[in-house]
Amino acid sequence: MTPADHPDAAPGPAGAADAGASDHPDAAPGPADAAADARAQRRHWDRDAARYLTEHGDYLETFHWCPERLTEDEARLLGDPADLRGRTVVEIGCGSAPCGAWVARHGAFVVGIDISREMLAHAPAVDGLAPVQADAARLPLRDACADIVFSSFGAFPFIGGLDDALREVRRVLRPGGRVVVAANHPMAWVFPDDPGELGLLACVPYHQRAYEERAEDGTLEYVEYHHTVGDWVRGFAAAGLTLLDVVEPRWPEGTPEWGQWSPLRGAVFPGTAVWIAQG
């Protein structure tokens, strides 16, 4: 299904939002070229899909919020599973959509948004799950179409314009709707991406805003953005979303390493922040 085929597809991209968080002296600068960012992210995840899905197959078997393996069965951050029936839910950065599939199996209609066609190609065929290829910063959905919007480590670490992305979430959310976004904990940015002792050395500037990889000709190949605690708080406020809670999962005993996330690092500082808000 393409965005234009979807029953909630909008006739065009969302309009510009009013200024707000970006006026703050500590606000992160937006990406210099959002279109170049999107192209780079699409190419990267299309190329990396097979490796990622193979390497993290066990993690992708159910709805995990984060490398600490907090499950929705356990946490119920979206609410009582019985209350999902009949709801319209949007997952942003769904990848192969294991989380969206879990929600759909509980009776919701789920639109799974991801920028990578190769990732979406591995989404399970589940009744009520509609995979849609799109940029998370420009959701191809109508205003106030969703009861719940969530993201499980998808898209937000790779979006430079956090304010715009959260405004898009608010635009498609119905009044009183719920938002849950799991992403890298802002504190984790200052530590190198290493699961061992090196990963305990705070040496990356907290106010450094991005990590980039470029080809020899200067073409952007990969970019990851750092959103500070202040960026998130101001972003929710500017979008008109009420921040209710921030969950910082502990590292459970017996949980295996996941990339740079590890028991060693998890015992010292949180690797994940789960932001919970209401429209």
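This write-up is about the structure you can find in this document. Source: prediction; values computed, not measured. (Residues numbered from 1 in each chain as written. Predicted model: local features only at pLDDT ≥ 70, side-chain atom pairs only at ≥ 80, totals over all residues. Heavy atoms only, no water.)

Bringing the overall build of the chain into the picture now. When its secondary structure is counted, the chain shows seven helices and nine strands. Looking at the 279 residues of the chain, the share that counts as buried comes to 51%. Considering only contacts in the chain between residues 6 or more positions apart, those separated by 24 or more positions represent 68%. Approximately 12700 Å² of the chain is accessible, and the part contributed by carbon and sulfur atoms is 50%. (Helix = DSSP H or I, 4+ residues; strand = E, 2+ residues; numbered from the N terminus. Buried < 20%, exposed > 50% of the residue type's maximum accessible area, 1.4 Å probe, protein only. Contact = heavy atoms within 4.5 Å. Areas by Shrake-Rupley, 256 points an atom, 1.4 Å probe, with all protein chains shown as cover.)

Right, let's get into the environment of Arg42. Inspection of the secondary structure puts Arg42 in helix α1 (residues 34-55). Judged by its relative accessible area of 30%, Arg42 is partly exposed. Separated by 72 residues in sequence, Arg42 and Asp114 have C-alpha atoms that sit 9.1 Å apart. Not counting the four nearest positions on each side in its chain, Arg42 is found in contact with Ile115 and Gln133.

This part is about the packing of aromatic side chains. As enumerated under the stated definition, the model contains 17 aromatic pairs in all. Ring plane angle 50° and centroid distance 4.8 Å describe the contact between Phe63 and Trp65, whose orientation is recorded as tilted. Trp65 carries the same exposure label as Phe63, and that label is buried. Where Phe156 meets Trp232, the ring centres are 6.0 Å apart and the plane angle is 40°; that geometry is what we call tilted. You can see Phe156 sitting in the loop between β4 (146-152) and α5 (162-172) and its partner Trp232 sitting in helix α6 (residues 229-239), a full 76 residues away along the chain. Take Phe156 and Trp232: they sit in the same class, and that class is buried. (Phe/Tyr/Trp six-rings, centres within 6.5 Å; stacked < 30°, edge-to-face > 60°.)

Spacing of three or four residues puts side chains on the same side of an α-helix, whose turn is 3.6 residues. By the burial criterion, the buried members of α6 are Asp231, Trp232, Arg234, Gly235, Phe236 and Ala239. The inward-facing, buried residues of α6 abut α5, β5 (173-184), β8 (242-247) and β9 (272-278). Taken from the residues just after α6, Gly240 is the one with a positive phi, measuring 80°.

This next bit is on the sheet that holds strand β3 (residues 129-133). Remark on secondary structure: sheet strands pair via backbone hydrogen bonds, oriented parallel or antiparallel. Strand order in the open sheet made by the seven strands is β3-β2-β1-β4-β5-β9-β8, with mixed pairing throughout. Among the strands making up the open sheet, the edge pair consists of β3 and β8. Geometrically, the sheet is characterised by an average inter-axis angle of 15° between neighbouring strands, direction not taken into account. One ladder, built from five bridges, connects strand β2 (residues 109-114) with β3; its direction is parallel. Bridged to Val111 within β3 is Ala130. (Pairing = 2+ DSSP bridges. Axes fitted to C-alpha atoms, helices over the stretch in contact; angles between N-to-C directions.)

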